[in-house]
Amino acid sequence: MIKNIVLVHGAWADGSGWEGVHKILTDGGFNVTVVNNPNTSLADDVKITKAVLSLQNGPTVLVGHSYGGAIITEAGDHPNVKALVYVAAFVLDAGESLFKMLKDAPPDPNSAILPPNEGFIWLDRNKFHANFCADVPATKARFMADSQVPVGLAAFDSDLTVAAWKTKKSWYIVATEDKMIPPDAERGMAKRVNAQVTEIKASHAVYLSHAAEVAKVIKNAAGMKVMETA
């Protein structure tokens, strides 16, 4: 049993969204650390995630939501990481970036993503609830929209140098009502890495709206037998 869990948030969010998952896991006896990555660049976000991983006292499950999937794919080559959990997340390969992946996607006329402003990208506050977190209360969604952490262009435009899923076992949570990443794209990425898949009827913010179900998947990943070669 792996006892250390590290949680990584994605774009337009911060670590507070993991509070429900954190409580369930800590109540269950796990050592949980939430990375408050700045979303300024992939390099910065990976650097702080690896620093947190170095603080862990042994085998660790590394969990990422959305853009956090790119972060854990790069940072997951850290020797403490034994399992990866992707939560409605992007899964990239070495040499790929989010911009490269997204340029081939069909345009979304209802997209909440605004044009870059001074090197950062925000979500339209008026579309935040419907697109990002439709299954959380409106007051909570309003606060999330008003406190969103913008993502730097360097986060989406940087190529990964390593793909940890090639050497670490992976789990994937598909959010079947996701309006940010098409659920079929999530299924395709999960298949690409031969992940153990769980589907949850939820918005993109599944980690927040369905904390218990997300925590269950993380517990399953933590229950794997730790292989010395992993």
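Residues numbered from 1 in each chain as written. Predicted model: local features only at pLDDT ≥ 70, side-chain atom pairs only at ≥ 80, totals over all residues. Heavy atoms only, no water.

Novice: What's the story with the overall build of the chain in this structure? I'm lost.
Specialist: What the chain contains, in helices and strands, is 10 helices and eight strands. Across its three principal axes, the chain shows a C-alpha extent of roughly 50 × 35 × 30 Å. Relative to its full complement of 230 residues, the chain shows a buried share of 51%. Accessible surface for the chain amounts to roughly 10200 Å². Of this, 55% is attributable to carbon and sulfur atoms. Each charge class in the chain can be summarised by its mean position, and for the 22 positive and 24 negative side chains these summaries are 6 Å apart. (Helix = DSSP H or I, 4+ residues; strand = E, 2+ residues; numbered from the N terminus. Buried < 20%, exposed > 50% of the residue type's maximum accessible area, 1.4 Å probe, protein only. Areas by Shrake-Rupley, 256 points an atom, 1.4 Å probe, with all protein chains shown as cover. Lys, Arg positive; Asp, Glu negative; His and termini not counted. Charge placed at Lys NZ, Arg CZ, Asp CG, Glu CD.)

Novice: How should the packing of helix α2 (residues 42-54) against helix α3 (residues 68-75) be read in this particular structure?
Specialist: For any two helices packed against each other, the geometry is given by the interaxial angle and the distance between the axes. Packing of α2 against α3 brings their axes to within 9 Å, and their N-to-C directions diverge by 60°. In terms of orientation, α2 and α3 fall into the oblique class. Pair α2 / α3 crosses with right-handed handedness. In contact with Leu 42, Asp 45, Val 46, Thr 49, Lys 50 and Leu 53 of α2, α3 contributes Ala 70, Ile 71, Glu 74 and Ala 75. A breakdown of the residues in the contact of α2 with α3 according to their chemical character gives six nonpolar, one polar and three charged. (Axes fitted to C-alpha atoms, helices over the stretch in contact; angles between N-to-C directions. Parallel < 35°, antiparallel > 145°, perpendicular 65-115°, else oblique. Left-handed = near helix turned anticlockwise from the far one by under 90°. Contact = heavy atoms within 4.5 Å. Nonpolar A, V, L, I, M, F, W, Y, C, P; charged D, E, K, R; others polar.)

Novice: Where do I start with helix α6 (residues 138-146) in this structure?
Specialist: Within α6, the full set of buried residues consists of Ala 141, Met 144 and Ala 145. The buried residues of α6 all sit within an arc of 100° when viewed along its axis, so they share a single face. Across from the buried face of α6, at angles greater than 90 degrees, the exposed residues are Thr 139, Arg 142 and Phe 143. (Arc of directions from axis to C-beta.)

Novice: What exactly am I supposed to notice about the pairing of strand β3 (residues 60-65) here?
Specialist: Within β3, six of the six residues are buried, which leaves it mostly tucked inside the rest of the structure. Burial of the side chains of β3 extends over both faces: Thr 60, Leu 62 and Gly 64 are buried on one face and Val 61, Val 63 and His 65 on the other. As paired strands, β3 and strand β4 (residues 81-87) are joined by six bridges and run parallel to one another. Each residue of the ladder has a partner; that of Gly 64, found in β4, is Tyr 86. Read from β3 through α3 to β4, the crossover connection turns out right-handed. (Pairing = 2+ DSSP bridges. Right-handed = clockwise from strand over helix to strand, strands pointing away.)

Novice: I tried to follow the pattern of salt bridges on my own but got confused; where do I start?
Specialist: If the charged atoms of two oppositely charged side chains come close together, the side chains can form a pair. In the structure shown here, the tally under the stated rule is nine salt bridges. A salt bridge links Lys 50 to Asp 77; its shortest N-O distance comes to 3.3 Å. Pair noted here: Lys 50 is in helix α2 and Asp 77 is in the loop between α3 and β4, with a separation of 27 residues, a long-range link. For Asp 77, a relative accessible area of 36% corresponds to the partly exposed category. A network of salt bridges, in which partner residues are shared, links Arg 125, Arg 142 and Asp 146. (Salt bridge = Lys/Arg side-chain N within 4 Å of Asp/Glu carboxyl O.)

Novice: Mind showing me how you'd approach the packing of aromatic side chains here?
Specialist: Aromatic ring pairs are described here by two measures, namely the spacing of the ring centres and the angle between the planes. A full pass over the atoms with the stated rule returns seven aromatic pairs. One aromatic cluster in this structure is built from Trp 12, Tyr 67, Phe 99 and Phe 156. (Phe/Tyr/Trp six-rings, centres within 6.5 Å; stacked < 30°, edge-to-face > 60°.)

Novice: What is the right way to read the pairing of strand β2 (residues 31-35) from this model?
Specialist: Across a regular strand the side chains alternate sides, sitting on one face of the sheet and then on the other. Direction of pairing for strand β1 (residues 4-8) relative to β2: parallel, over a ladder of five bridges. Looking at β2, one finds that Val 6 is bridged to Thr 33. Crossover handedness for the path β1 to helix α1 (residues 19-27) to β2: right-handed.

From the geometry alone we can't say anything about function, so treat these as descriptive.
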